[in-house]
Protein chains: 4
Amino acid sequence: MSIESQNRAILLACCPDQKGLVAKLSQFIYEHQGNIVDSDQHTDHEAGVFATRIEWELDGFGIAADAIHSRLAPLAASLQLQWTLHLRPKETPIAVFVSRQDHCLIDLLARQRSGDFGGRIALIVSNHRELAPIAAQFGVPFFYFPISAEIKAQQERDTLKLLKEHRIELVVLAKYMQVLSQDFLTALPPVINIHHSFLPAFPGASPYQRAFARGVKLIGATAHYVTQDLDEGPIIEQDVSRVSHRDAVADMIRRGKDLEKIVLARAVYLHLQSRVLVYHNKTIVFD
Amino acid sequence: MSIESQNRAILLACCPDQKGLVAKLSQFIYEHQGNIVDSDQHTDHEAGVFATRIEWELDGFGIAADAIHSRLAPLAASLQLQWTLHLRPKETPIAVFVSRQDHCLIDLLARQRSGDFGGRIALIVSNHRELAPIAAQFGVPFFYFPISAEIKAQQERDTLKLLKEHRIELVVLAKYMQVLSQDFLTALPPVINIHHSFLPAFPGASPYQRAFARGVKLIGATAHYVTQDLDEGPIIEQDVSRVSHRDAVADMIRRGKDLEKIVLARAVYLHLQSRVLVYHNKTIVFD
Amino acid sequence: MSIESQNRAILLACCPDQKGLVAKLSQFIYEHQGNIVDSDQHTDHEAGVFATRIEWELDGFGIAADAIHSRLAPLAASLQLQWTLHLRPKETPIAVFVSRQDHCLIDLLARQRSGDFGGRIALIVSNHRELAPIAAQFGVPFFYFPISAEIKAQQERDTLKLLKEHRIELVVLAKYMQVLSQDFLTALPPVINIHHSFLPAFPGASPYQRAFARGVKLIGATAHYVTQDLDEGPIIEQDVSRVSHRDAVADMIRRGKDLEKIVLARAVYLHLQSRVLVYHNKTIVFD
Amino acid sequence: MSIESQNRAILLACCPDQKGLVAKLSQFIYEHQGNIVDSDQHTDHEAGVFATRIEWELDGFGIAADAIHSRLAPLAASLQLQWTLHLRPKETPIAVFVSRQDHCLIDLLARQRSGDFGGRIALIVSNHRELAPIAAQFGVPFFYFPISAEIKAQQERDTLKLLKEHRIELVVLAKYMQVLSQDFLTALPPVINIHHSFLPAFPGASPYQRAFARGVKLIGATAHYVTQDLDEGPIIEQDVSRVSHRDAVADMIRRGKDLEKIVLARAVYLHLQSRVLVYHNKTIVFD
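These remarks concern the structure in this document. Note that the structure is predicted; figures quoted are calculated from it, not measured. (Residues numbered from 1 in each chain as written. Chains lettered and ligands numbered in written order. Predicted model: local features only at pLDDT ≥ 70, side-chain atom pairs only at ≥ 80, totals over all residues.)

## Concerning the relation of the copies chain A and chain B
For these two chains of identical sequence, chain A goes onto chain B by a turn of 180° and a shift of 0.0 Å along the axis, with RMSD 0.0 Å. In short, the pair behaves as if placed about a two-fold rotation axis. Rotation axis and chain A: the residue whose C-alpha lies nearest the axis is A201(A), separated from it by 2.1 Å. In this assembly the copies share their binding face: 100% of the residues contributing to the interface of chain A also contribute to that of chain B. (Least-squares fit on C-alpha atoms with pLDDT ≥ 70 in both. Contact = placed C-beta atoms within 7 Å.)

## Structural notes on the interface of chain D and chain B
Accessible area lost when the parts come together is the quantity often used to give the size of an interface. Contact with chain D, which involves 17 residues of that partner, is made by 17 residues of chain B. Contributions of two or more residues to the side of chain D that touches chain B are made by α1 (21–31) and β2 (35–44) of chain D. The element that contributes the greatest number of residues to the side of chain D that touches chain B is β2(D), accounting for nine residues. In terms of residue class, the side of chain D that touches chain B is made up of five nonpolar, nine polar and three charged. (Helix = DSSP H or I, 4+ residues; strand = E, 2+ residues; numbered from the N terminus. Nonpolar A, V, L, I, M, F, W, Y, C, P; charged D, E, K, R; others polar.)

## Some words on the relation of the copies chain D and chain B
Placing chain D over chain B gives an RMSD of 0.0 Å and needs a rotation angle of 180°, together with 0.0 Å of translation along the axis. Both copies share a contact surface, since 100% of the interface residues of chain D are interface residues in chain B too.

## Brief notes about the packing of helix α3 (residues 103–114) of chain A against helix α8 (residues 249–272) of chain A
All names here are of chain A. As a packed pair, α3 and α8 sit with axes 9 Å apart at the nearest point and diverge in direction by 45°. Between α3 and α8, the interaxial angle falls into the category oblique. Seen along the crossing, α3 lies across α8 with a hand that is right-handed. Residue-level contacts link H103, C104, D107, L108 and R111 of α3 to K257, E260, K261, L264 and A265 of α8. Here the contact of α3 with α8 is built from residues that sort into four nonpolar, one polar and five charged. (Axes fitted to C-alpha atoms, helices over the stretch in contact; angles between N-to-C directions. Parallel < 35°, antiparallel > 145°, perpendicular 65-115°, else oblique. Left-handed = near helix turned anticlockwise from the far one by under 90°.)

## Description of the sheet that holds strand β3 (residues 49–57) of chain C
Taking strand neighbours across the sheet as the criterion, the eight strands line up as β4(A)-β1(A)-β3(A)-β2(A)-β2(C)-β3(C)-β1(C)-β4(C) in an open arrangement whose pairing is antiparallel. With one partner strand each, in any of the chains shown, β4 (82–88) of chain A together with β4 (82–88) of chain C form the two edges of the open sheet. For this sheet, the mean inter-axis angle between neighbouring strands, taken without regard to orientation, is 10°. Relative to β4(A), strand β1 (residues 8–16) of chain A runs antiparallel, the two being bridged by seven bridges. Looking at the pairing, L11(A) lines up with L85(A) of β4(A). (Pairing = 2+ DSSP bridges.)

## Digging into the interface of chain A and chain B
The interface of chain A with chain B comprises 23 residues on the first partner and 23 residues on the second. For the side of chain A that touches chain B, the elements supplying multiple residues, two or more each, are β11 (235–242) and β13 (282–285) of chain A. Class assignment for the residues of the side of chain A that touches chain B results in eleven nonpolar, six polar and six charged.

## Notes on helix α3 (residues 103–114) of chain C
Residues and elements named next belong to chain C. For α3, built from twelve residues, the straight-helix expectation of 16 Å at 1.5 Å per residue is met to within 8% by its first-to-last C-alpha distance of 16 Å. For α3, the buried fraction is high: nine of the twelve residues fall into the buried class. Residues of α3 that are buried include every one of H103, C104, L105, I106, D107, L108, L109, A110 and R111, and no others. (Expected span 1.5 Å × (residues − 1). Buried ≥ 20, exposed ≤ 12 C-beta atoms within 10 Å, placed from the backbone.)

Written as structure tokens, this is what we have:
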């Protein structure tokens, strides 16, 4: 699962289950002298869906990188494939949306600095000014878009324009405490959110307070793609941490921050490595 | 936390927070030559509740074991203490209720056989005949009470009579797929249930099917005391296990069984060790 | 990962990395009308090793089950494949070796009873009589082979004869406190052992005592294939459990038993599902 | 376990086990009108050691904060107590030692920024220049002390002088790749180190490479106090993360960084909250 500097192509695909899928896809790569370095197939028998992730080396591959898509298209069509093709190395341009909490943002910026990330945080958008110094500190442009009911639509149009100018391909909600309108969401590239509970337990607001009141022995965090139904999008990654009666709500929040930043970072990493396939409102994570 | 063979007394108590609680309780024990071997205090500042568990040696203690309760009562009253006193060693008589699934039952019986348990399974009650051979195998009396809407009230009365005859002090629902009526529940000693999900996610029926449909990355199990509100009683113990897209519902059920039996056994053990205090519909586990 | 009742073939294989491996293997299956239901490939770039697990349906497959091996052999030879072929459904005959501790044995027997196992415990071998009643209870033949320095060689020959008579294909050391001689080990089918520590920490005897003395915050258990070098064989599965200063050695042992039985059972299950490939003294677990 | 802003005193103590310890200590606090808010006692029966942590409110307490130590001393002496007294609120001045890796340093600085820390990073010491920009970014003084065999003794003397000037009370080795000389260590305040393995597995250099070669299924990290015996000091906190054959050494290093930063931060937090007591080369963590 490491970040490779070599030239690679990755096919993420699913289709109705049928015989010969692995043979046909691997044959296509082999007949053009491609060397498969990682390959994983899964059949969801209940749904009748075949899913695969195939990664192969581009060095020595008989088709130019920018021609692979068109050359693969006829085979894909014959198999009724829903597919995306990803070329490596690549630094996916990312926009991070934040409000006032800094732990997820700093963690993402620190990973980018370490080179452990596989993407590039091109800009930060916020409805508050508090985190502008963090952005400045790490040298990333910060855009302040205050939000109120009257100007929300305008703010979303302005944000969309900005993301297009920067060719943003992934939006990360790093504790962004605003609901995205349906129109906005439709126009955005994929959006990953971190929810501070173990979904589907405690959806919505104040999950730690509710976890404390319920006396749970574990708290969790969930990273998911954002869809129209708040807190109902496909789950990419989850984790939990043990708590006890000794943990007040403030302690749960403090412990939860560690969960949130680690779980969000893992989900972003998996997405950037083209390891996440979505179907039927859930994910296959080829890890 | 080990099972000690020495003679011990354990006080589990809570009361409104006030100064001098630890001093007064420990002084009572010290002035009668008691040696405290384990002691834990916790103050829930939000609720204004002080809670404690104190364990001391009875060898050399200046009050006879059967007189401790009456001698402690005046101090307890002056502190507005809600308290229970537990004497060791003791083999708490337990009734295990089961339906058709055997994994939790066998696990509990195996622990009893190993001596790792701290209680004695006096009898097994079931609404099905399937697990009678397991009971016979481990030499524990098995009582078959078939249930239908017409005879449920009678069955509960008969069960209650049986439990009283055997002086049962704890009921364990080890995958017992019946709802207890409110009257029955009120008449029973403490009841511990295992729910096959990470409550409050997926309360009610078929949690694994719903976890699969939702695409969660972790499944869980929850052991809790049973109250009138199904799946809403005080949580004693929880744990989770990682799953992936490779796990079909049948796999989740299989993995879940391991979680269920371990989490239930831990909860029963903690109860039998007098380590669980209930207040405000949640638990303090002094572990 | 579920236990399927359908007819399946599973190929577990590794070879020097080269182009076209996936294509050639999947083409072989496809050209005989096989439907691949699960397939996973991995390349260890450091070692230059390609490894795969391919599972396909036998219903409709153009080669009879008992002819697959010979028909696949030429292709396998041309690819320098080290391979094993497994046909399903199958109840692998297993011998469980025990000494005096019962928790792993009862857990394995209970899984077999539940049908969650994928194998059949054909017999139990012990150097002590203590667990004979457990074997009787679950209706499995129990063979008592006392061991002393003088008769160890004879005991091993007798045991080997017994295993051959029962066509045993897997030996599980479920807390068997004897070292196997090199000759014995060489003559045995695969042997899985459970070590009561997180290897390579605390190899050898009394790991819980040493963990307690060292003040570790986690204890572990490790299931591994047995090789000539004690506690150095390929690791199949590991897990840990949190401990604290409140846990005396006896508590660590009690908590450790839960780890041991779960980790051993997972390893046996993975082996029986033909999901474990060994190379370079370590495993690839295709889960 | 939350960071309280109220005025508090905390007693951390151990002594030979004897009757009346809890009574005498709590009586001392009560007779001066102190309100105990958190109290925990533990007896290590094997070692015959009693240990306790008592936290009480200073508001209304009958002894001035700066006189508590002298007033408590006679009782402590009569009980043969080894004890430390801690007053809150306090911002313990910390020196962080680093080499080239930034993940632990940034994480600690980010926690300090969030106020989730309980201490104050007064300065950063490094034997390399690489992390000076991080220090500048967060506004913390950075001191560069290059090390070679010839000047190591001088460098340690200079560092010691610096720490004294800043009244440093805790040194955190945040991936500091230098061995501290015995004289240096003796002169330092408590030193917490993060080791990138699950000690005692893989002590010394290159643990991830060795974990990969051994084929372990879990990697770990260990935070411990530094003593003369490298990697043998009292363990404060440990955690593990699951890995598989898909993880190359580079992936283990990447995953390990998350473990390292979280485990180190937890250990530092526990120390700063006066929750760690050391005896017999191991810790009691009163959490």
